[in-house]
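# Coordinate analysis (summary)
As a plain string of letters, each chain reads:
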Amino acid sequence: MSTSYSIHGDVAVISLNNPPVNGLGFETRRGITECLAKAELDAAVKAVVIVGSGRGFSGGADINEFGSPKAFAEPNLLSVIFAVEHCLKPVTAAVHGVCMGGGLELALGCHYRVAAKGCQVALPEVKIGLIPGAGGTQRLPRVLGVETALNMIVSGEPVLSEVLAGMPGQKLFDQIIEGDLLDGAVAFARANATSHAHHKPLPRVRDLKVAHPNSDAYFQFARNTAAAVAKHFPAPQRCIDAVAASVSKPFEEGIAFERANFVELMWSPESRALRHAFMAERAASKIADVPEHTPIRDIK
């Protein structure tokens, strides 16, 4: 199973279990929605925690599915995030290791987010010729501000969780957990379930306001910079356009704009070439029939 479900008192824990990076392929997406529905139907469950097993929360979408029917099969990632966002019980993402791409978009769809120190947070889709396709360009500016979010999306580079948590006014992480992440996340979720029981509305990132002073001038400056640095690649410009939409359009229109650009770029020759190179680099590092932990000879 690519997901597992367990009960910790009155908190349900959905664990992503799809090694090596808990990719959000079709089976994992389906598992999340099934576990979420199970938690909603259980009257004894007051809150839900989504956590990654192994070395990280999630490295994002399964790139092997791109360009295939599974990439869009229901539940797609947008549908999973919609289900999480509209869950009547508070859902907390507990992130560690890596929280990237669709993994970060999933966390942004949760009502709360806690993190372990040292977690690498990123939206790296631009590196394979894409833009985030499940709300990343619309939600990240709402929790980190336009400039920080745009820099992360256009560069694709990871930032440590504690660095982001220390930014003034950030709304990405509600708490950095010291000690055991799951224990801390369950305690955090239980405390917020108590608040929710007193009719406190569940917070949704989509409802946060986003703005930037002199936004037209700022985005034009960003476009000029991207054109000089990556003039042969369309994705950086599309990233800027999508983040600009988070400021100028209602949330639903921004999501639709982002998704249309994501789908168009998925079939572009630039993205297909970058994805081929990405997969080839990883394949070249593996030799058939040689176990992963084979000792390496010291060559002098």
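For the structure itself, look to the data block above.
Scope of this entry: the structure provided in the associated data block. Since we're looking at a predicted model, the values are computed, not measured. (Residues numbered from 1 in each chain as written. Predicted model: local features only at pLDDT ≥ 70, side-chain atom pairs only at ≥ 80, totals over all residues. Heavy atoms only, no water.)

### Section: the overall build of the chain
For the chain, the helix and strand inventory stands at 11 helices and nine strands. In summary, the chain has a C-alpha radius of gyration of 19 Å against a globular reference of 19 Å for 300 residues, a match within 12%. Its C-alpha atoms give the chain principal-axis dimensions of about 60 × 55 × 40 Å. Buried residues in the chain amount to 48% of all 300 residues. The long-range fraction of contacts in the chain, counting pairs at least 24 apart against all pairs at least 6 apart in sequence, stands at 76%. Surface summary for the chain: the accessible area is close to 14500 Å², and the carbon and sulfur share equals 59%. Averaged over its 29 positive side-chain charges, the chain has a centre that lies 1 Å from the centre of its 30 negative ones. (Helix = DSSP H or I, 4+ residues; strand = E, 2+ residues; numbered from the N terminus. Rg over C-alpha atoms; globule rule 2.2 N^0.38 Å. Buried < 20%, exposed > 50% of the residue type's maximum accessible area, 1.4 Å probe, protein only. Contact = heavy atoms within 4.5 Å. Areas by Shrake-Rupley, 256 points an atom, 1.4 Å probe, with all protein chains shown as cover. Lys, Arg positive; Asp, Glu negative; His and termini not counted. Charge placed at Lys NZ, Arg CZ, Asp CG, Glu CD.)

### What about the nonpolar core?
Where a protein is soluble and globular, its nonpolar side chains tend to be buried together. Residues Phe57, Val95, Leu106 and Leu140 are the most contacted members of the largest nonpolar core, which totals 62 residues. Sequence-distant contacts of Leu140, that is, excluding residues within four places in its chain, are made with Leu104, Leu108, Leu123, Gly145, Ala149, Met152 and Ile153. Judged by nonpolar contacts, the second largest core, of 16 residues, contains Val51, Ala116, Val186 and Ala193. (Core = buried A, V, L, I, M, F, W, Y, C linked by side-chain atoms within 4.5 Å.)

### Digging into the pattern of salt bridges
Applying the stated criterion across every chain, the model contains 11 salt bridges. Across the salt bridge formed by Arg30 and Glu27, the nearest N and O atoms sit 2.6 Å from each other. Placement of both Arg30 and Glu27 in helix H1 (residues 26-41) is noted, with a separation of three residues, approximately one turn of the helix. For Arg30, a relative accessible area of 34% corresponds to the partly exposed category. Measuring nitrogen to oxygen at the nearest pair gives 3.0 Å for the salt bridge that ties Asp241 to Arg223. In this pair, Asp241 is assigned in helix H9 (residues 235-248) and Arg223 in helix H8 (residues 215-229), connecting sequence segments 18 residues apart. Owing to a relative accessible area of 25%, Asp241 belongs among the partly exposed residues under this scheme. (Salt bridge = Lys/Arg side-chain N within 4 Å of Asp/Glu carboxyl O.)

### Focus: unusual backbone geometry
Apart from glycine, the bulk of residues carry a negative phi angle, and the bulk of peptide bonds sit in the trans form. Of the consecutive residues Pro19 and Pro20, the connecting peptide bond is found in the cis state with omega at 10 degrees. With an omega dihedral of 0 degrees, the bond running from Glu74 to Pro75 counts as a cis peptide bond. Within the secondary structure, Pro75 is located in the loop between strand E3 (47-52) and helix H2 (77-85). Phi at Asn22 is positive, roughly 55 degrees, even though this residue is not glycine. Among the secondary structure elements, Asn22 is positioned in the loop between strand E2 (11-16) and H1. Accessibility expressed as a relative area gives 2% for Asn22, which makes it buried. We note that Asn214 has phi near 55 degrees; this positive angle belongs to a residue other than glycine. The residue Asn214 is located in the loop between helix H7 (181-197) and H8 in this model. Overall, the relative accessible area of 63% leaves Asn214 in the exposed class.

### A look at the packing of helix H4 (residues 136-144) against H9
Orientation of H4 relative to H9, taken along the N-to-C sense of each, is 60 degrees, at an axis distance of 8 Å. As the angle between them shows, H4 and H9 are arranged oblique. Here H4 and H9 pass one another in a crossing that is right-handed. Contacts between H4 and H9 involve Thr137, Gln138, Pro141 and Arg142 on the former and, on the latter, Ala242, Val243, Ala245 and Ser246. Of the residues in the contact of H4 with H9, the class split is four nonpolar, three polar and one charged. (Axes fitted to C-alpha atoms, helices over the stretch in contact; angles between N-to-C directions. Parallel < 35°, antiparallel > 145°, perpendicular 65-115°, else oblique. Left-handed = near helix turned anticlockwise from the far one by under 90°. Nonpolar A, V, L, I, M, F, W, Y, C, P; charged D, E, K, R; others polar.)

Note that all results are geometric; they support no functional claim without further evidence.
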